[in-house]
Amino acid sequence: MSDKIFDKAACKKIAEAIAEAESETSGEIHVHVSRRCKENVLDSAVDAFNTLGMQNTKLRNGVLFFFATKDRRFAVIGDKGINDIVGQSFWDDIVAEISNAFAGGQPIDGICRAIRLCGDKLREYFPHQADDTNELSDEVSFAK
């Protein structure tokens, strides 16, 4: 996984996929890119989740896609609201979608498909409400 994967065009495509996925749900999806991660990528993802304030969404239904480009690792984690509903097999399927896309040389397409799958699941359990607001930016964020 290279830093070059997340160029301007890729970030635009990801932001569009997030906006589409969130259009019919109160759920929040975010993609965060870091060069490095701790030994355990899940620990780094949790740190990023908290730093980004994703635990502060009204329904605790945020999903973070975390990528550590230099270490070539990634994780997908959900907040309590979504985790209490979906099983581990859902997250395993999301990870497999991304892994297969990287192996097939189409990482951004795979990330966007995985985002849409998360949006489908969020829509099922957290449908869009009239008073919903976009609590998190759809833009890809980068660690400093």
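Residues numbered from 1 in each chain as written. Predicted model: local features only at pLDDT ≥ 70, side-chain atom pairs only at ≥ 80, totals over all residues. Heavy atoms only, no water.

S.K.: Let's hear about the packing of aromatic side chains: which residues, and what values?
M.R.: Taken as a whole, this structure holds five aromatic pairs when the rule is applied. With 5.3 Å between their ring centres and 50 degrees between their planes, Phe 6 and Phe 67 make a pair best called tilted. With Phe 6 in the segment before α1 (8–22) and Phe 67 in strand β2 (residues 62–68), the pair connects residues that are 61 residues apart, well separated along the chain. A relative accessible area of 5% means that Phe 6 is categorised as buried. Overall, Phe 67 belongs to the buried group, its relative accessible area being 0%. (Phe/Tyr/Trp six-rings, centres within 6.5 Å; stacked < 30°, edge-to-face > 60°. Helix = DSSP H or I, 4+ residues; strand = E, 2+ residues; numbered from the N terminus. Buried < 20%, exposed > 50% of the residue type's maximum accessible area, 1.4 Å probe, protein only.)

S.K.: Give a description of the pairing of strand β3 (residues 73–78) that names residues and reports values.
M.R.: Most of β3 is tucked away, with five of its six residues classed as buried. For β2 and β3, the ladder comprises six bridges, and the chain directions are antiparallel. Residue pairing in the sheet places Phe 65 in a bridge with Val 76 of β3. Between the end of β2 and the start of β3, which pair antiparallel, lie four residues, with Arg 72 showing a positive phi angle near 55 degrees. (Pairing = 2+ DSSP bridges.)

S.K.: So what about the pattern of salt bridges? Which residues, and what values?
M.R.: Inspection of every chain in the model, using the stated rule, returns 11 salt bridges. A salt bridge links Glu 24 to Arg 123; the nearest nitrogen and oxygen atoms lie 3.8 Å apart. Here Glu 24 is found in the loop between α1 and β1 (28–34), whereas its partner Arg 123 is found in helix α5 (residues 107–125), with 99 residues between them in sequence. Glu 24 sits in the partly exposed class, given a relative accessible area of 45%. For Arg 123, a relative accessible area of 33% puts it in the partly exposed group. Where Arg 123 meets Asp 120, a salt bridge forms, and the shortest distance between an N and an O atom there is 3.1 Å. In this pair, Arg 123 and Asp 120 are both assigned in helix α5, three residues apart and thus about one turn of the helix distant. Taken together, the shared-partner salt bridges connect Glu 24, Asp 120 and Arg 123 into one network. (Salt bridge = Lys/Arg side-chain N within 4 Å of Asp/Glu carboxyl O.)

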